[in-house]
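Listed below, chain by chain, are the residues.
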Amino acid sequence: MSFPPGIRRRFVVSFPLLLLVTLSFAVVATADGASQDDGPELPACNNPFKLVKVKIWVDGVEGEDLSGITASFGASLPEEANKSSKLPAVFSNPLNGCSNSSSKLTGSVALSIRGDCDFVTKAKVAQSGGASALLVINDNEELYKMVCSENDTSLNISIPVVMIPKSAGDAINKSMEEKHVEFLLYAPTRPIVDFSVIFLWAMAVGTIVTASLWQEFGTSENSDERYNELSKESPNAGTGDDDDKEILDISVKGAVVFVITASTFLVLLYLFMSAWFVWLLIVLFCIGGVQGMHTCIMTPIVRKCRNCPQKTLNLPLFGEVSIVSFVVALCCLSFAVVWAVNRRESYSWVGQDILGICLMITVLQLARLPNIKVATVLLCCAFVYDIFWVFLSPLIFHQSVMIVVARGDNSGGESIPMLLRVPRAFDPWGGYDMIGFGDILFPGLLVAFAFRYDKACKKHLANGYFLWLIIGYGFGLLFTYLGLYLMNGQGQPALLYLVPCTLGVTVILGLVRGELKELWNYSPESSSATKNLTGEA
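Keep in mind the model is a prediction, meaning the values are calculated, not measured.

Conventions we followed
- Residues numbered from 1 in each chain as written.
- Predicted model: local features only at pLDDT ≥ 70, side-chain atom pairs only at ≥ 80, totals over all residues.
- Heavy atoms only, no water.
- Helix = DSSP H or I, 4+ residues; strand = E, 2+ residues; numbered from the N terminus.
- Expected span 1.5 Å × (residues − 1).
- Buried < 20%, exposed > 50% of the residue type's maximum accessible area, 1.4 Å probe, protein only.
- Disulfide = S-S within 2.5 Å.
- Axes fitted to C-alpha atoms, helices over the stretch in contact; angles between N-to-C directions.
- Parallel < 35°, antiparallel > 145°, perpendicular 65-115°, else oblique.
- Left-handed = near helix turned anticlockwise from the far one by under 90°.
- Contact = heavy atoms within 4.5 Å.

## Quick notes on helix H9 (residues 348–366)
Between its terminal C-alpha atoms H9 stretches 28 Å, which fits the 27 Å expected from 19 residues at 1.5 Å a residue. Counting buried positions over the 19 residues of H9 gives 17, a clear majority of the element.

Listed below in structure tokens is the structure:
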């Protein structure tokens, strides 16, 4: 489906780039209770906090595993399920577990709710009653880290103590109504590096490389042929006026306004997040993804089959379109609809990543940085934006606005689609590793500029900028995941690492080579004019 240039530019650049892409700057990891501050480390009370799997059986039928976190005191849990034992579940009486229970706790997993006394007291009461373990049900969904009080300088707690979220406690309470419930507790270790991280890294780097080279190997031949055809039909053809409508040059003012607008949208999402709002973003994502996929499929078809677009048909609203383009558009639309319907399935990440990559490749063809001056303003603003909304926004909103929005809190179980995600293959806790579109597009704009600059100045890989920026971007992503690991899964502002590794590399190379002034004031139009005067193609 071939849209008019103006409509295509508004849909593919303005909407996805402004409303969709800018809402996903940060690399987002699933934040859980284990990413909070560790709290004080006291004598005999400095056990490492570990995530716990709670396997549950109801009348002998195994249910869905629950998750929890160990206390800084008490016995440690085995790392493998076959090294632990099934134990019956019993609610303490009183339920707060602050005094001796009238329920028989011997050889069981005691259950108590949070509050009324400290965690150490609850553990001592459960242990004195003969319990083999204690599960504390939190009063909200976040997993709080249970630490010792200031007066507990010596402890003799020999049972494991684990906290579970409120929803898990509600499910257990419902299951224990006139039913026999058993638990098995263990604390599997999470691998330092999962295959998903490597795959996600390759997708992000590959998207930027493909988008940068796309104009060179994907459309150049078609553009030349189209130029020749137009030059025969019109004396004004070939001036580049039509092509200019396809390109959105980013200005210094536009870069600043863009980041301010992105912040506004982010706050609106944070304050008014709901299922219908996320659905609106899903629809917009599908529109941009369909157009991006259509462009990515049609480009090689038109290049290889020059006569394919000549067979056309008339459609209401769209006018005359080629049959091949129409068929491809229907396939892309069907793909997006199937993904939207099955977006909650375990395999839906494949469709989301395909649509997202096609969208980003198309956006990087239609938006460009004219020089390093604009790149510096845009990336520095994005750098501050990312750090503020991830790390500093809790000082104002008491939560990390970026992580809350990306995680989809208060969205009715829906998740924002403007990111690439890959399931963790070897992580016993499951989940996804993710990267926002902004963390690919904003450095990608600079990398694409470097490729155009190298081509215009006839630079080779070694003495150019493109190769070094790709290497810098790859290392920036590695540093991002290193920060994610060192901060125990806390969501990271990826541009904190990516901007220095891309823009910083460009500035340093420019200074060393004495080309920084040229990069700063570079103009694609002046470069094109020079080529035309010298007779170069």
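We are not done yet, so read on.
## Considerations on the state of the cysteines
Under the criterion given, the structure shown has 1 disulfide. The disulfide partner of Cys98 is Cys117, and the gap between their sulfur atoms is 2.0 Å. With the S-S dihedral at roughly -90°, the linkage between Cys98 and Cys117 falls on the left-handed side. Of this pair, Cys98 sits in the loop between strand E4 (87–91) and strand E5 (109–113) while Cys117 is found in the loop between E5 and helix H2 (119–128), placing the two residues 19 residues apart along the sequence. Accessibility expressed as a relative area gives 21% for Cys98, which makes it partly exposed. Of all cysteine sulfurs, the one in Cys358 lies closest to Cys296, which takes part in no disulfide; the gap is 4.3 Å. Judged by its relative accessible area of 11%, Cys296 falls in the buried class.

## Details of the packing of helix H13 (residues 438–456) against helix H14 (residues 466–486)
Between H13 and H14, whose axes approach to 8 Å, the crossing angle comes to 160°. On the basis of their axis angle, the class for H13 and H14 is roughly antiparallel. The handedness of the crossing between H13 and H14 comes out as left-handed. Contacts between H13 and H14 pair Asp439, Ile440, Pro443, Leu446, Val447, Ala450, Phe451 and Asp454 from the former with Phe466, Leu469, Ile470 and Tyr473 from the latter.

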